[in-house]
Amino acid sequence: MENNGFPPVDVPGGRLSRCPACERQTLLVHAPALGPVRLRCIAERPCTAKVLAGHFVGARALDEHIVEVADAAFRQALLGQAVEAERARLEEAARAETETGKEKKQERRSAIDRLIEYARADFELFHAPEGTTYLRASDGLCYRLTSAQGRSLLARAFYAREGKGASSSAISEALPTLEAVARFDGPCHPVSVRVAREGDRIYLDLGDETARAAEIDAEGWRLRPIAELPVRFGRPPGTRPLPEPVRGGDWNVLRELLNTDRAGFILATAWLVGTLAVLPAYPVLVLTGPQGSGKSTACRLLASLIDPRQAPLNAAPRELRDLAIYAQNAYVVVLDNVSSLPVWLSDGLCRLATGSGFRTRRLYTDSDEVVFEAVRPIVANGIPDFVRQADLADRTLPVRLALMPPERRRTAEEVEAAFREAAHGLLGLLLDAVSTGLRRKAEVQPASLPRMADFATFVLAAAPALPFTEAEFLEAYGAGQAELAASLLEDSFAEALLAFAEAVGCWEGTASDLLEAMLQRFQHEKAPRGWPKTAQSVGSTLARLEPVMLQVGVKLERVRAGKARTRLIRIQKVANQTSALSALSANGKNGSKQQNLADSAAPAGGQVADDLFNSCPPVVRHRSPEIGQNRPFSKGRTTADEADNLFEIFWDGAGAGVADRMETKEGDGDGWWDPFEDDEDEAPF
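Quick notes on the rules
Residues numbered from 1 in each chain as written. Predicted model: local features only at pLDDT ≥ 70, side-chain atom pairs only at ≥ 80, totals over all residues. Heavy atoms only, no water. Salt bridge = Lys/Arg side-chain N within 4 Å of Asp/Glu carboxyl O. Helix = DSSP H or I, 4+ residues; strand = E, 2+ residues; numbered from the N terminus. Buried < 20%, exposed > 50% of the residue type's maximum accessible area, 1.4 Å probe, protein only. Contact = heavy atoms within 4.5 Å. Polar contact = N/O pair within 3.5 Å; in protein donor to acceptor, adjacent residues only side chain to side chain. Phe/Tyr/Trp six-rings, centres within 6.5 Å; stacked < 30°, edge-to-face > 60°. Lys NZ or Arg CZ within 6 Å of the ring centre and 35° of its normal. Pairing = 2+ DSSP bridges. Axes fitted to C-alpha atoms, helices over the stretch in contact; angles between N-to-C directions.

### Some points on the pattern of salt bridges
Consideration 1: Per the stated rule, a full pass over the model turns up 26 salt bridges.
Consideration 2: For D217, the salt bridge goes to R201, with nearest N and O atoms at 3.5 Å. With D217 in strand β13 (residues 212-217) and R201 in strand β12 (residues 201-205), this residue pair connects regions lying 16 residues apart in the sequence.
Consideration 3: What makes D217 buried here is its relative accessible area of 7%.
Consideration 4: Linked by salt bridges that have partners in common, R201, E215, D217, R222, R224 and E228 make up one network.

Printed below as a string of structure tokens:
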């Protein structure tokens, strides 16, 4: 048998090899899994079977052209040829694949390098103080490097130069290098959302395609390109453009759009000015009213004057992480249709309004954490009075909306059209007011301040450019705080404590003594529903009620007495603190031009709380279950003019539900209401 010098070639039905007779690649070899091998020459003039049989051992002719070979050595030789041919084919394919992979890898690496080069040429790479990396485009706007917006800008830079898109893998592989450049080689700058401050200048990002911002200072305001500003602005997803501000607006348009009274309009306008002032803390604007009073519409319109966004109205978050993420991507936080606030959310809103941070574990890690830090203006609305915590009430501006009468109702399209038409002028008025506040802030020297001191001081400074006077603002602010205090006292224990303090005047004892004394005073065998059940819960409840009770003339103190330094609770009647807000003049005095918030309620020659306490007779301490020995002081007390003014108002108004049920029997002389005199089965609270 001759060796085939040419490699076989696969063909349907067999393999082609060299024909030993005609020395051409025309020998068709068919080697089945079992049985002899058959051969045939398929040349144009094929060799005969007799000729072919002479070249193979053990071959016999089956017909004129087909030869059958039953030799095992021949089959083995054919198998060896097939194996060698297949090995050669695989090696060639692997070599071709390797070369192709190298070319593709080199091309991909080249695309990554080019993308990094384009990014460093087109953008400024930097990082924020918390470590987040950013890229700043030529228009001055900043985007997080790893965000969808940042990746889109990188793809755009690649497309602008090469006319084709960068692959997702190329962008992902380029990001670590770009982040390293931004974090280690780039400068550090804070990035603001919508509003920023640099020195005595405030900047408001208009959010439009022209990338402009309003620059506000003591001289006025003007529009400038963001790229020329010393501050950095980011635009999170959902940012919508503000109307371009113009001068010559009309405050009456805003007054017509808000379905509230004069005091509510004053507080809402003051909140708008405060949101643009970049303050250390912002008040929480709370709109309440019945259904159909336009609460959601008012929230949306007010927020749209400062920070218009896609889907501006949001439900209350389910956890602090959601609240923190919301605050990171919006300047004004809007909560719609709030029915109640759990304690954790009330505390979270307080922290957000005053600038506290939120810490949480980074996802998919054990010890790394993410820090969210922001201070944001907040506006919320709901039907009930959902502010039930004293610390949030101190930060709240309450605005009550009235039920919209049928003759004043308008379609949503009409309201939106009226707002769009007036928004340019209203924003201009707000910018004028902020400029006035910056110019006059040094002239305002507070004699006394409310909880939100920075906010109140700035609004007073901006008052000449606002549709109300300083005295009107302080009056509305004080009335709102008094209203919140009254609402917080609308629970069974607070009402009972207020009545108890009014009766005894001054009292001192432990938390357990206080609970026992109140139970005996109101003839309860055990603490009613809504009352604290233990001494510890009594202390916690008193801590919550302390600022509210002081506003209505009841001072709660915690003192230590005796050698054992026993912790005692001291309760005393003092002058109410609702008139603590004073109009502030340039010289720091309450002059004739800027009157007190409520002259009729201010102590005229009276004494402050400490003086009032010092002038009280000795405190009757609770040492006996006979509560009857703790009687109100009727002689020897120093009082202030109208010290109980708000207390009486409370009983006549908000507290009427309890006061109306109080009776004084003829000859009794103690003025106490017997809670079970009329109906022993009905609990009073």
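### Some points on the environment of E215
Consideration 1: Relative to the elements of secondary structure, E215 occurs in strand β13.
Consideration 2: The exposure class of E215 is buried, given its relative accessible area of 5%.
Consideration 3: Along the backbone, E215 and Y203 are 12 residues apart, and their C-alpha atoms lie at a distance of 4.7 Å.
Consideration 4: Contacts of E215, omitting those with residues within four sequence positions, involve R201, I202, Y203, G220, W221, R222 and R224.
Consideration 5: A distance of 2.8 Å separates a polar atom in the side chain of E215 from a polar atom in the side chain of R224.

### Comments concerning the packing of aromatic side chains
Consideration 1: Scanning the entire structure with this criterion turns up 10 aromatic pairs.
Consideration 2: Judged by centre distance (6.3 Å) and plane angle (80 degrees), the ring pair of F455 and Y477 falls under edge-to-face. Within this pair, whereas F455 is found in helix α12 (residues 453-462), its partner Y477 is found in helix α13 (residues 470-488), the two being separated by 22 residues in sequence. Across the pair, exposure class does not vary: F455 and Y477 are buried alike.
Consideration 3: Taken together, the ring pairs connect F455, F468, F473 and Y477 into an aromatic cluster.
Consideration 4: Its end group placed over the ring of F126, R232 keeps NZ or CZ at 4.8 Å from the ring centre.

### Brief notes about the pairing of strand β11 (residues 195-198)
Consideration 1: Sheet topology note: the β11/β12 ladder contains four bridges and is antiparallel. Within β12, the position partnered with R197 by the bridge is I202.
Consideration 2: A loop of two residues connects β11 with β12, the two strands running antiparallel in sequence, and G199 in this loop sits at a positive phi of about 65 degrees.

### So, the sheet that holds strand β10 (residues 191-193)
The strands making up a sheet associate through backbone hydrogen bonding, with each pair oriented either parallel or antiparallel.
Consideration 1: Reading across from one edge, β7-β8-β9-β15-β10 is the order of the five strands in this open sheet, with mixed pairing throughout. Of all strands in the sheet, those with a lone pairing partner are β7 (124-127) and β10, marking the two edges. Along the sheet, successive strands turn relative to each other by an average axial angle of 40 degrees, direction set aside.
Consideration 2: Two strands pair when backbone bridges link them, and β7 and strand β8 (residues 133-136) are joined in this way by four bridges, in the antiparallel orientation. By the bridge assignment, H127 is partnered in β8 with T133.
Consideration 3: Against the sheet, helix α3 (residues 148-162) makes contact with β8 and β9 (141-144), and its axis sits at roughly 110 degrees relative to β9, the strand it touches most.

So far we have only geometry, and geometry alone does not tell us how the molecule works.
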